[in-house]
Amino acid sequence: MTVTLRRATADDLMAVGALHQRSRVATYSSFLPAEALAEPTPEAMGRYWVERWGWERDDHRMTVAERAGELVGFTYVGPDDDGDPETGLLNAIHLDPAERGRGTGRELMIDALAGMRERGWRRAALWVLTPNASARRFYERGGWTPTGTEREELIGSAVTSQLRYARPL
């Protein structure tokens, strides 16, 4: 079965939250402690997306990927967090852990970049957890390069180092 991409609706957001939490636990457990990943619960992550969508739906776009009618991935893009009007930000790209290696991430990325170009942005940026080697390889294969800008953010109780990547559109 092939994967289908479509724009998300409000009805998708609780499932997006559950998938987001599964993806975080599977991906980050090799470098973050289990207690940092125990929260938020899938339900709390769904409520987070419901609230965020309510504030940002006019200038952000969420795309979901489905396989056999099941949500298997999503992207979330919007304006640059540094305020650069020429740059769009890939806020999130997450896959169900069972979906890795099936090309869904690549399809979601192609769609996200096309959507950014349609919005008139000339450059794309994203933040990646510095120790997330598999994500960094994925982005680098897709033409993204580290900018050298770093920040720290909390995931649960763990302070995480993040690195900004960018690429032309």
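Model, not experiment: these values are computed from the prediction.

Calculation rules
Counting of residues starts from 1 at the beginning of each chain's written sequence and follows it residue by residue. Reporting of local features is limited, given that this is a predicted model, to residues whose pLDDT is at least 70; pairs of side-chain atoms are given and counted only at 80 or more, and all residues count toward the totals for whole chains, interfaces and linings. Hydrogens and waters are ignored; side-chain quantities use all the structure's heavy atoms. By the criteria applied, helices consist of DSSP H or I runs no shorter than four residues and strands consist of E runs no shorter than two, each listed in order from the N terminus. C-alpha atoms define the radius of gyration, and 2.2 Å times the number of residues to the power 0.38 defines the globule rule. Per-residue accessibility, obtained with a 1.4 Å probe over protein chains only, is compared with the maximum for each type, and a residue is labelled buried under 20%, exposed over 50%, and partly exposed between these values. For two strands to pair, DSSP has to find at least two bridges joining them. Every angle, taken between N-to-C directions, lies between 0 and 180 degrees, and every axis is a line fitted to C-alpha atoms, over only the stretch in contact when it is a helix. Any two residues having at least one pair of non-hydrogen atoms within 4.5 Å are treated as being in contact. Paired rings are identified among Phe, Tyr and Trp, the last through its six-membered ring, by centres lying within 6.5 Å, and are further divided according to the angle between planes into stacked (under 30 degrees), edge-to-face (over 60) and tilted (the rest). Here the expected span of a helix is defined as 1.5 Å times the quantity of residues minus one. To define a nonpolar core, start from buried Ala, Val, Leu, Ile, Met, Phe, Trp, Tyr and Cys residues and group those joined through side-chain atoms within 4.5 Å.

So, on to the overall build of the protein. Regarding its fold elements, the protein presents 5 helices and 7 strands. Traced from its N-terminal end to its C-terminal end, the protein shows the element sequence β-α-α-α-β-β-β-α-β-α-β-β. Its C-alpha atoms give the protein a radius of gyration of 15 Å, near enough to 15 Å, the size a compact globule of 169 residues would have. Principal-axis analysis of the C-alpha atoms gives the protein an extent of 35 × 35 × 35 Å.

Burial runs high along strand β7 (residues 158-168): 8 of the 11 residues are buried. Two elements, strand β5 (residues 123-129) and β7, share 7 bridges in a ladder whose sense is antiparallel. Each residue of the ladder has a partner; that of Ala-124, found in β7, is Arg-167. Alignment of strand β6 (residues 145-155) against β7, held across 8 bridges, turns out to be antiparallel. In the strand pairing of β7, Ile-155 is matched with Ala-158. In sequence, β6 turns back onto β7 through a hairpin of 2 residues, with Gly-156 there showing a positive phi of about 60°.

This brings us to the sheet that holds β6. Ordered by their spatial adjacency, 7 strands build an open sheet running β1-β2-β3-β4-β5-β7-β6, and the pairing between neighbours is mixed. Edge positions in the sheet fall to β1 (3-7) and β6, since each has one partner strand and no second. Going across the sheet, the axis of each strand differs from the next one's by a mean of 25°, ignoring polarity. Across 5 bridges, the pairing between β1 and strand β2 (residues 61-67) is antiparallel. Its bridge partner lying in β2, Thr-4 is registered against Glu-66. In this fold helix α1 (residues 13-28) packs onto β2, β3 (70-79), β4 (87-95), β5 and β6, with an angle of close to 95° to the strand it touches most, β3. Each of β4, β5, β6 and β7 touches helix α5 (residues 133-141); the most contacted strand, β5, lies at about 165° to it.

As a further point, take the packing of aromatic side chains. Here the structure, examined in full by the defined rule, presents 7 aromatic pairs. Each ring, one from Trp-49 and one from Tyr-76, has its centre 4.9 Å from the other, and the planes form 80°; the classification is edge-to-face. Here Trp-49 is found in helix α3 (residues 42-56), whereas its partner Tyr-76 is found in strand β3, with 27 residues between them in sequence. The two residues Trp-49 and Tyr-76 agree in class, both being buried.

Its 16 residues give α1 an end-to-end C-alpha distance of 22 Å, which sits within 8% of 22 Å, the value for a rise of 1.5 Å per residue. Buried residues of α1: Leu-13, Val-16, Gly-17, Ala-18, Leu-19, His-20, Gln-21, Ser-23, Arg-24, Thr-27 and Tyr-28, and no others.

As a further point, take the nonpolar core. In this structure, Leu-90, Tyr-139 and Trp-144 are the most contacted members of the largest nonpolar core, which totals 21 residues. Elements supplying a minimum of two residues to this core: β3, β4, α4 (104-118), β5, α5 and β7. Here the element with the most residues in this core is α4; it accounts for 5 residues. Non-local contacts of Trp-144, meaning those with residues more than four positions away in its chain, are made with Leu-90, Met-109, Leu-113, Ala-124, Ala-125, Leu-126, Tyr-139, Tyr-165, Ala-166 and Arg-167. Counting residues in hydrophobic clusters, the runner-up holds 13 residues, among them Ala-8, Leu-13, Leu-71 and Phe-74.

Its place among the elements puts Arg-117 in helix α4. The partly exposed category is assigned to Arg-117, whose relative accessible area is 40%. Sequence separation between Arg-117 and Tyr-48 is 69 residues, and the spatial gap between their C-alpha atoms is 27 Å.

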